[in-house]
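Understanding the architecture of this molecule
Here is what each chain is made of, one letter per residue.
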There are 2 protein chains.
Amino acid sequence: MSDLVSYIRNVPDFPKKGIVFRDITTLLKEPEAFKKAVATFYEKYDGAKIDKIIGVESRGFILGAALALRLGVGFVPIRKKGKLPAETVREEYSLEYGKDSIEIHRDALKQGERVLIHDDLLATGGTMAAACKLVKQVGGTVVGLCFLVELNFLKGRDRLEGYDVFSLIQYDKE
Amino acid sequence: MSDLVSYIRNVPDFPKKGIVFRDITTLLKEPEAFKKAVATFYEKYDGAKIDKIIGVESRGFILGAALALRLGVGFVPIRKKGKLPAETVREEYSLEYGKDSIEIHRDALKQGERVLIHDDLLATGGTMAAACKLVKQVGGTVVGLCFLVELNFLKGRDRLEGYDVFSLIQYDKE
């Protein structure tokens, strides 16, 4: 496991009792760790002919945008319902209790553009599966999915079968 | 005015009738425009001895994080109430109808750290005034405030008197 893990803060009982929250803000605020995370993604995707980075609201915007700058490509946000101003495509996904939905602008991508989708956390994979559907609906090709943190025990990878999934920090148990 | 303005999409009647929304997603997705926005901020703040970039949720995360990478400094998020997992400091601010509040982690900064705060849009300045208070409360020194878009006619600058305010794109009327 990457030594980036040492920068993560473990916050017990957030957002609710029994959950250990993996807080990435303690990594992002340290220049060396922030830079290393971006550089590790860069090494993986440099040469992969990426056209756009897509970041999933809102923590996915942070390393997603920094990586877009590093790769010299554009950045596209996927946002929660109702936040994007122009015409959108929407996907629903299940939460522990109930549903939520995310959107992308219908004209965010050109036909066939090669896209890397980033989010900070891979948990059950529900949000990212919905994000992949959105990208396809607007004509993009998903080249890879990248995360800062992956919670292996939630088996999000199984839900994202067929995609190239890459994460910098993994946790085997809660 | 910068030619970056040509990348902004004007969306009438969003989020409500009579408002022209200045959509920055059409700028962010173009590599040259995205890079130029970051480079222009970089030229302004290189040499200003910035220790941290603070981005305001959630669009402020995008260029804020890219600029942090470019300057080689850490990134700190200011988020809506209830999103940050560890101990926070909170500030309320007024909206057109009602109030909202934002938070920062109490340990986000070291005493005396020099901070640049970024948000995508300067409108009335209420959110940014609250962000400045948060930074002071956790021991930071505000070196500057930077925005991609400024709506001059809402006079947000007046509310931020005493701070160095910098924006890349200005609109004189709605």
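See the structure above.
Below: a short report on this structure. (Residues numbered from 1 in each chain as written. Chains lettered and ligands numbered in written order. Predicted model: local features only at pLDDT ≥ 70, side-chain atom pairs only at ≥ 80, totals over all residues. Heavy atoms only, no water.)

This paragraph deals with the overall build of chain A. Counting its secondary structure elements, chain A contains five helices and nine strands. Starting at the N terminus and ending at the C terminus, chain A contains elements arranged as β-β-α-α-β-α-β-β-β-β-α-β-α-β. Expected size for 174 residues packed as a compact globule is a radius of gyration near 16 Å; at 16 Å, chain A falls within 12% of this value. Along the three orthogonal principal directions, the C-alpha set of chain A runs to about 40 × 40 × 30 Å. Residues counted as buried form 56% of the 174 residues belonging to chain A. (Helix = DSSP H or I, 4+ residues; strand = E, 2+ residues; numbered from the N terminus. Rg over C-alpha atoms; globule rule 2.2 N^0.38 Å. Buried < 20%, exposed > 50% of the residue type's maximum accessible area, 1.4 Å probe, protein only.)

Superposition record for chain B on chain A: RMSD 0.0 Å, screw rotation 180 degrees, translation along axis 0.0 Å. With respect to symmetry, the two chain copies, as superposed, fit the operation of a two-fold axis. Using C-alpha coordinates, one finds that chain B approaches the rotation axis most closely at Ala66(B), a distance of 2.0 Å. Most of the interface of chain B is mirrored in chain A: 100% of its interface residues are interface residues there too. (Least-squares fit on C-alpha atoms with pLDDT ≥ 70 in both. Contact = heavy atoms within 4.5 Å.)

Residues and elements named next belong to chain B. An order of β5-β6-β4-β3-β7-β8-β9 is seen for the seven strands of this open sheet, with the pairing classed as mixed. The sheet is open, and its two borders are formed by β5 (88-94) and β9 (165-171), each paired with just one other strand. The sheet shows a mean angle of 20 degrees between the axes of neighbouring strands, direction not considered. Here seven bridges tie β5 to strand β6 (residues 99-105), and the two strands are oriented antiparallel to one another. Its bridge partner being in β6, threonine 88 is matched across the sheet by histidine 105. (Pairing = 2+ DSSP bridges. Axes fitted to C-alpha atoms, helices over the stretch in contact; angles between N-to-C directions.)

For the rest of this paragraph, the subject is the pairing of strand β8 (residues 141-151) of chain B. All names here are of chain B. When you tally the buried positions in β8, you get nine out of 11 residues, the bulk of the element. In this view, the connection linking strand β7 (residues 114-122) to its parallel neighbour β8 by way of helix α4 (residues 126-137) has right-handed handedness. Bridge analysis of β8 against β9 gives six bridges, and the strand direction is parallel. Note that in β9 the partner of leucine 145 across the bridge is valine 165. (Right-handed = clockwise from strand over helix to strand, strands pointing away.)

Attention shifts here to the packing of helix α3 (residues 60-71) of chain A against helix α2 (residues 31-45) of chain B. One way to put it is that α3(A) packs onto α2(B) with a least axis distance of 10 Å and a crossing angle of 100 degrees. On the basis of the axis angle, α3(A) is roughly perpendicular to α2(B). Here α3(A) contributes Ala65(A), Ala68(A) and Leu69(A) to the contact with α2(B), which in turn contributes Phe34(B), Lys35(B) and Val38(B). For the contact of α3(A) with α2(B), the per-class residue count stands at five nonpolar, no polar and one charged. (Parallel < 35°, antiparallel > 145°, perpendicular 65-115°, else oblique. Nonpolar A, V, L, I, M, F, W, Y, C, P; charged D, E, K, R; others polar.)

What follows concerns the sheet that holds strand β3 (residues 52-56) of chain A. All names here are of chain A. Here seven strands make up an open sheet; going across it, the order is β5-β6-β4-β3-β7-β8-β9 and the pairing mixed. In this open sheet, the two strands that pair with only one neighbour each are β5 (88-94) and β9 (165-171). Across the sheet, the axes of successive neighbouring strands diverge by a mean angle of 20 degrees, strand direction being ignored. The strands touched by helix α2 (residues 31-45) within the sheet are β7 (114-122), β8 (141-151) and β9, with β9 carrying the most contacts at an inclination of about 145 degrees. Along the sheet, helix α4 (residues 126-137) contacts β3, β4 (74-80), β5, β6 (99-105), β7 and β8; its crossing angle with β5, the most-contacted strand, is approximately 155 degrees.

Another aspect to go through is the interface of chain B and chain A. Facing the 39 residues of chain B at the interface are 39 residues of chain A. In total, about 3100 Å² of surface goes out of reach between chain B and chain A, with carbon and sulfur atoms giving 64% of it. Of all residues in chain B, Lys29(B), Leu69(B) and Pro85(B) bury the most surface against chain A, accounting for 22% of the area lost on that side. Taken together, chain B and chain A are joined by two salt bridges. Of the charged contacts, one joins Asp107(B) and Arg9(A) as a salt bridge, the two residues approaching to 2.7 Å between their closest N and O atoms. Taken together, the connections running from chain B to chain A amount to 16 residue pairs in polar contact (both at pLDDT 80 or more). Of all the secondary-structure elements, those providing two or more residues to the side of chain B that touches chain A are β1 (9-12), β2 (20-23), α1 (25-28), α2, α3 (60-71) and β4 (74-80) of chain B. Broken down by element, the residue count for the side of chain B that touches chain A peaks at seven residues, all from α3(B). Taken together, the residues of the side of chain B that touches chain A break down into 21 nonpolar, six polar and 12 charged. (Buried area = accessible area lost by both parts, 1.4 Å probe. Salt bridge = Lys/Arg side-chain N within 4 Å of Asp/Glu carboxyl O. Polar contact = N/O pair within 3.5 Å; in protein donor to acceptor, adjacent residues only side chain to side chain.)

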